[in-house]
Structure formats: C-alpha cells, structure tokens
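# What the coordinates show
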Amino acid sequence: MAEIKEQSRQLSDIDPIKTQDFLDQLTEFYNQVKSQTGSESLYDLIIQKYPKLLESFLSFGKSLIPSDEKQELLSSHEVYLWHYFSPEKFKNISLLIRDTLLQLSIAQNRVKEHRVTKEGVEKHFQASKELLLTEINALYNDIEGMDKLLLEKEGALGRKLESIQHLKNPWSVYSEQLNTIQEHINIIHSSKGLVKETIVSFTLIRSNLERMGVEIRNENDFFLLKTTESLELLSQIDSQQKLKEGLNWIENLLEDLMKYNEKKENQIRTLEDWVESLKSFTIPVGTEDGLLLEKSIDFKKTTTKWLDYYILQDVMELWEDQESLTTRVKHVLSSLRGSLSILIKTESLSDFRVEKETLEKLLAEERKNKKRSLELLSHIDELMKKDFAVTQLYIESEYLKVPLQTSFTRLGSNNHGFEKKISLAIKTLWSKISRQYEEAKEKTPHQELEKALKIIETRSTKPNTDHYHALFLTKNFVGDLFLVSRTGIENQLEETVRQWNQGSGRSILLSGDSFSGKTTLAEYISKHYFAKRTITLNPNSDIIVEGRKFRTSKNLKEALDFIKRSVSNSAPLVILDDLHQWRDQEYSLLENMKALMDFISNQSQRVLICATISSILLKHLDSRIPFSITFTKLHSVSKSTNEEIFKAIMLRHGASHKDVLEQEKKPLTDRQLEKKILSLTKMYDYNLGAVLQAWTYCTDILDTDQVRFVDRDIQLNDFLSDEEVLILKYCLLYGYGSELELKEFFTTRFENYIKPSIRKLLTINILGRNEAGFLVVKDSLKQEIHMLLNDREVFL
C-alpha cells in the first residue's frame, strides 16, 4: 500500500482547500505516530493530537450543513465525500484509536504491577503502532482515491449522487457517534490517575506484608541464635566471674525482647492507613461491539473482604505464634536469670542440667515454629503475587472474588466477644490480635441442610398451643396487658400528633423487620389519640369515611381520592399497614407509592397518614424514588432495648405463675435468667417479637408449675443455594411472591433452577402460601432468613 505523501494540488473545485487540509492533518498525525518510540509517548500523542484531528473532521462535515435550517441540503461532491463516504471509515479508525489507547493504558498498568514483562509491552507497542499506521494510511488512500474518482472519472459523481438520493443524510448520526468515542477516550484518560494511585496503595500494602514476613523470619532466626548461645553460655560457666557475665548477657537479651510488640503495632497502623486510603470509582476494562465496558469497584470494600478471607487468617496465626513464642522465650530466660542470680548470691556453681534441658526443649519449639511460619509466609506470598493486584480487574469477571458468606469475621469463636458487626474488619481484628480464635470447619451442603432441617422440624412440630407459650405468641392476650411501653418512640409520636393537631402538615412512617412492633405502634397511635377517627386502609376491604362506604382494590390512588373527597370535619388518622400489600399486575407498587406521596404532599394537614413498611422494602423504594423523605417523621423500630425485651418476657412469664428450671431441673437464679434472655436478645438482633418467639423454642412445659429452659441449637444455619437466596429475597422484599412473577424475573433459569428450588423450600417448610395462594416466608423463620440474607449482603 502506498505511503502517504505530501499533496499540494487542489482536489475539489467547490472548496479547493478543505479536503487537502484534512489530508495534510492526517499526514501529520501519521508521521507523529510513526516517530513514537514507546508505549507512554504513543499514549500521550493520542490524548493530545487525536481530539484536534476529530475536531477538524467534524468541522469540515458541519460546514456543509446550511446555516438556515429551512434551506435544503444540496447534494454535491463534498457532501457525498464528507457525509456518506468518509464518516464510516473515520469512525472505524477512531474506534481503533480508542481501543489502542485503552490497551496501552492497561499494558502500562500491568507492567507497573509486574504482571507483564517490558519486552511484552514493547511487542504490544510495536504491533499497536504498526496497526495504527496501516489503518491511517488506508484512510488517507480511501479519501484521496474517492476524491480523485469523483473529480476525474466522467459520470462518477452523478452515479454516486443518484445512489444516495433516497437516503437520509447520516451526518448527524455519525457526528454523535464520533463525539461518544471522544467521551470514551476522556473516560479512559481520567481513570488512569486513579488506577495509578490505587496501584501505589496496593504496592505499599504488599510491601508492608513482605516487610512483616522479613521481620518474622529475622525474629525466628534471632530466637534460635540466642537460645543456642544461651546453651553455649551455660556450658562455659565455671567461675563466679562468668556467672556475672552470663547474668548481664541475659538481662540485656531480655531488654531487647521488649521491642517486638512495638513493631507489630506500627505494622498494623501502617497497613490500616493504606487500606483506608483506597477509593471507589469506575474503570474502563474493555470494548465490545463499539461499546466501552466499565467496572465500578469499591477498592476499599473489596480489598478488605479479600484480605479478611485469604490473608488475615494466616497473619493472625503468625502473630499469635510469635507472641506465644516470645512469651515462652522470656519466661525461660527469666527463669535462667533467677537461677544465675541465686548462684551468685550463694557464691556457688551448678552443672545447669535442668536449665539445659529446658533450653533444648525451647530450641525444638523454635525450630517447629520457624518451619510453620515459613509455610504460612510462603502461602501469603503466593496469594499476594498471584491475585492481589489492581490489574486483575482487567482479566477477572469478578474482581478479588470472595466466596459467599465467608467473611473472616465469621471464622472467629463466639466465645471471644465478636458480638457486633464490624464495619471495618481489618481494624477490629488487629485490635484483638492477642485473642485466640477457632476456625469453623466447612461443612458440605447436605450436612448444612440436615442441620437446618432439624431446627425447622422442631419449630413445625413443637406444640405451642398451650397456655404458657400462647402468652409469648399473642401480643394482645388479655387485652393490652402485655404491651411493653417503648417510651422514646411513644414520646416522639405524641409530639408529632400534637403538632398535627395544631395545623401543621405531618405524616409518620414506621419501618422495621418482621415482628419488631410496627403494627403495634400504629395501633397505639390510633387508640391513644384518635379513638373512633381511624381509617385502616387495606386492599380489597371496606372503609367508611364520614358515613360513606367504599370498597378498596389494589389501586391506592383510588382509595386515597375517595378519602380526600369524603373528609370534611373528622380529621382522621389513616393507617396503611404493610405497604407491600399494594401491588398486583395492574397497579405496581411504585405507582401506588407515588400516589401516597402525592396525597401526603397535598393532604397532610387534613389527614394524618401512618404507614408501616419493612426496612428492606424502604431501602429499595428509596433507591428508586425519594420515598422516605416525603414523610415528616421516620421511625426505625427494628431494635428494642435490653430492658424492653426483658420486661416483655418477664411480664408474660410472670402471668403464668411458673418456675423456670435449668436443664438439670434446678431453679434458675434471677441473674441466670437475665443472662439467658440477653443471649437470645443478641442472637436475634434485639428484635422484640423474634426474641419472644425464640423463648418458646427454648422452653418445655414440665408440669402445671414448672418450665424448663433448654440451651438447644435454635438459630438457623445458612444452607441456602444461590437460587434459594434469590427466591427468599424476593418474597421478603415484596412481602410475597408467585411462580409467575419469579418466572418473569428469571425467564431462562426458571424451569431448571428456580422452580425446583421453590418446591424444595415449600417441602422443607421455609416457604408457605397465604390465603391468596402467594408464596410467603413462614413467620417462624422470617427474622432468621432476613439475618442470613443480610450476612450475604444481598440487600445492599
């Protein structure tokens, strides 16, 4: 193919300089690409020069469009050349330039992390440069050739214009596409600096861990050397003078050992700072069918999870082993110092037989510890070199992937105070490095299922219809005798009602998990402040407003409009309990919630709305529309206090007039009973209703006067497959679901994966059906299923 040459002759009678100007710029760009000697210089050239080339191309094409929109676009040599012939070819080379820029950026990043060799990058650069030159040359020849053809061959222009006379001018489409490609180039370039910063942080994290490995190796070598020297020292002591020299040597050695803990604390702080510095951003990772593929990654979150799961377990073991060994060495040396001190005071000598045996044992322990630490450090080094790199995101479908439900915090023993969810696992774990932990052994899916089935079966078969257990499962048993006051929320509700009564527009939203008391609080407002002025609005039910009757459907707007028309003097409270009920195939939940928002905006001075909603559905709605901020008062009631839960249980238990016995049938003391209740409270995340329910699972009726509390395994373990998680998430999020809805969501996977999973969940009594035949999560398992899904972070 002919090389591009400088052209001086005029190629167009209409505009003798336009085409030649662009070809001259293309020639200059070609020569600049040809002169580049490295990947980075070619990258910089594209960033600096391509936008100018694009601007020229677009301005030439735009100049052919009449300034007066009413004026007809004439067909001409230039219009055909710039609007019909050249744009597709220029778009193709623009896509090549964009893709080349992205690959150059990726290659530069990967070489910084030593994922490719400099020789490989050089080959990639030469291939990229050669391809660019070939395609630029081809573009030049195509435009020049077509221009000559139209000018010099008789009838060529007429035939070309005839072929496009019925086609719409494509310039506006090509112009938009070319601008989009330039936007892609800007995105690629803007992300380069962020990726570079992240690579630096990763390098420092890696270096910190490598430095830790070096220090542990040096520490082990130091221990071995000093223990060996201590043995030699004892063998050489044959006088009081050598006794004193030996004592002085050991005292200096003990002082040196005090420095190791300070090194560990410094390592923790440094590593923690670098992890904290990581950011979240979107990175271009490839192209496909003209599109720029991007990944949005929270590097702090993904790195923390990956380190938690793959690295920190070994780091914890290493530090605990070193701490244990250091303590052992100090103890042996302190004993030896005591022995030498006694001999000096008594002016006597010894053969040190016992001391030598102790040092020999210590030497064996140090060799064993060194071997183990080398294995762990080798494992850490291997994982860090293989997977811990920013540029892994270019080749992995999921960056720094960690298996589901394997957060490192779940590996800790519950006996050591890991009670709260940890927002930053690294920080918390390192603050507890002196603690022991026990790794949970992995079980097969069938073993997990078998364990879960036993728990589910216990709940399904346990007879809770007796009087005692009914006290814990019925909130309004004997009127409102067992309703526990939630003073903080109730005072705020009272203030909201007072403000509304004074004419201020107010509305209340109660959110929380299942059994947390949302409905109870809504009824509390009705009973205490509105007496007979309450309208409870449910789908497919009758309501009466100031003597007018109305039958509701799933159309919430229709019901609210009726209330709006009917209310004149009553100033009612309208309770919408469980907002997830307001949806069907005709009226979506989103449409109904928008109708509710409109009603509150316009009628909140005349009608006080009190709605209840699950916390997960509220979060979902807020991601779609500004739902919660429409309400003037939002109360999250998921958690109750220890005192409220303790009082609720003791009120019910006290009404039974029964004694509580432990498993050995000895009466529980007040302190023991308080601890049992506190344990259940923490287990069920301070959910009042869930704890009351759990009390029934832990208690057995012995006779008319006694109840036995049994410490049995009642918390549901995670046995769920990915498909089962998706089904349960849907049913919890929307309150209920159906096979048809799930089929619409998972069209291709429904028959082979979703449908069998639904049957399984129905069979093992995780799912049931409500009166309308919809799939619902069983009440006895709702809170625990919610907690399991939270652990898997499916509601994030």
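Since the structure is predicted, the reported quantities are computational estimates derived from the model, not experimental observations.

Negative phi values dominate among residues other than glycine, just as trans dominates among peptide bonds. Backbone geometry at glutamate 347 places phi at a positive 50°, although glycine is not the residue there. Secondary-structure assignment places glutamate 347 in the loop between helix H9 (299-346) and helix H10 (353-387). Although it is not a glycine, alanine 571 adopts a positive phi angle of roughly 50°. Tracing the chain through its elements places alanine 571 in the loop between helix H16 (556-566) and strand S7 (573-576). Owing to a relative accessible area of 25%, alanine 571 belongs among the partly exposed residues under this scheme.

Looking now at the sheet that holds strand S12 (residues 706-709). Sheet architecture is open: three strands sit in the order S10-S12-S11, paired in mixed fashion. The open sheet has two edge strands, strand S10 (659-661) and strand S11 (699-703), and neither has a second partner. In this sheet, adjacent strand axes meet at a mean angle of 35° when their direction is disregarded. Of the pairings in the sheet, the one linking S11 to S12 comprises four bridges and is antiparallel in character. Considered in S12, the bridge of aspartate 700 is made with arginine 708. Sheet contacts for helix H21 (residues 688-698): S11 and S12; angle to S11, the most-contacted strand, approximately 50°.

Below, the discussion takes up the side chain of glutamine 182. Of note, glutamine 182 is situated in helix H6 (residues 171-236). When near neighbours in sequence (up to four residues on either side) are disregarded, glutamine 182 contacts Tyr50, Pro51 and Leu54.

Mapped onto the fold, glutamate 272 is located in helix H8 (residues 260-276). On the basis of relative accessibility, which here comes to 16%, the residue glutamate 272 falls in the buried class. Residues glutamate 272 and isoleucine 205 lie 67 residues apart in sequence; the distance between their C-alpha atoms is 8.9 Å.

As a further point, take helix H7 (residues 240-257). Taking 1.5 Å of rise per residue, the 18 residues of H7 would be expected to cover 26 Å, and the 26 Å separating its terminal C-alpha atoms lies within 8% of that figure. Within H7, the full set of buried residues consists of Leu243, Gly246, Leu247, Ile250, Leu253, Leu254 and Leu257. Projected down its long axis, H7 shows its buried positions confined to an angular sector of 125°, all on one face.

Within the fold, serine 339 resides in helix H9. Between the C-alpha atom of serine 339 and that of leucine 247, which follows or precedes it by 92 residues, the distance is 9.3 Å.

Relative to strand S2 (residues 291-298), strand S1 (residues 280-288) is paired through eight bridges, and the arrangement is antiparallel. Its bridge partner lying in S2, glutamate 288 is registered against leucine 291.

Attention now goes to the sheet that holds strand S3 (residues 507-512). Taken in spatial order, the five strands of this open sheet run S4-S7-S8-S3-S9, and their pairing is parallel. Looking at strand neighbours, the two that pair on one side only are strand S4 (534-536) and strand S9 (633-636), the edges of this open sheet. Averaged over all pairs of adjacent strands, the angle between strand axes in this sheet comes to 15°, irrespective of strand direction. Across four bridges, the pairing between S3 and S9 is parallel. Bridging from a neighbouring strand, isoleucine 508 pairs with lysine 633 of S9.

Another point: helix H15 (residues 518-530). The terminal C-alpha atoms of H15 lie 17 Å apart, and with 13 residues this matches the ideal 18 Å at 1.5 Å per residue to within 8%. Within H15 the residues assigned to the buried category are Lys518, Leu521, Ala522, Tyr524, Ile525, Ser526 and Phe530. Buried residues in H15 make contact with helix H14 (487-501), S3, S4, S7 and strand S8 (608-614). Count one or two residues on from H15 and you reach alanine 531, which has phi positive near 45°.

Now for the pattern of salt bridges. Enumeration over the complete set of coordinates arrives at 23 salt bridges. When the shortest N-O distance is used, the salt bridge between aspartate 221 and lysine 370 registers 2.9 Å. A residue pair is termed long-range when its members are at least 10 positions apart, and aspartate 221 in helix H6 and lysine 370 in helix H10 qualify at 149 residues. In the salt-bridge network here, residues are joined through shared partners; they are Asp542, Lys549 and Arg551.

At a closest axis distance of 10 Å, the pairing of helix H2 (residues 39-62) and helix H3 (residues 77-112) adopts a crossing angle of 160°. Classified by the angle their axes make, H2 and H3 are roughly antiparallel. Two packed elements cross with a definite hand, and for H2 against H3 that hand is left-handed. Of the residues in H3, those in contact with Ser39, Glu40, Leu42, Tyr43, Ile46, Ile47, Tyr50, Leu53, Leu54, Phe57, Phe60 and Gly61 of H2 are Trp82, His83, Ser86, Pro87, Phe90, Ser94, Ile97, Thr100, Leu101, Leu104, Ser105 and Gln108. Class assignment for the residues of the contact of H2 with H3 results in 15 nonpolar, eight polar and one charged.

Cut-offs applied
Residues numbered from 1 in each chain as written. Predicted model: local features only at pLDDT ≥ 70, side-chain atom pairs only at ≥ 80, totals over all residues. Heavy atoms only, no water. Helix = DSSP H or I, 4+ residues; strand = E, 2+ residues; numbered from the N terminus. Buried < 20%, exposed > 50% of the residue type's maximum accessible area, 1.4 Å probe, protein only. Pairing = 2+ DSSP bridges. Axes fitted to C-alpha atoms, helices over the stretch in contact; angles between N-to-C directions. Contact = heavy atoms within 4.5 Å. Expected span 1.5 Å × (residues − 1). Arc of directions from axis to C-beta. Salt bridge = Lys/Arg side-chain N within 4 Å of Asp/Glu carboxyl O. Parallel < 35°, antiparallel > 145°, perpendicular 65-115°, else oblique. Left-handed = near helix turned anticlockwise from the far one by under 90°. Nonpolar A, V, L, I, M, F, W, Y, C, P; charged D, E, K, R; others polar.

All we've got here are geometric facts, nothing functional implied.
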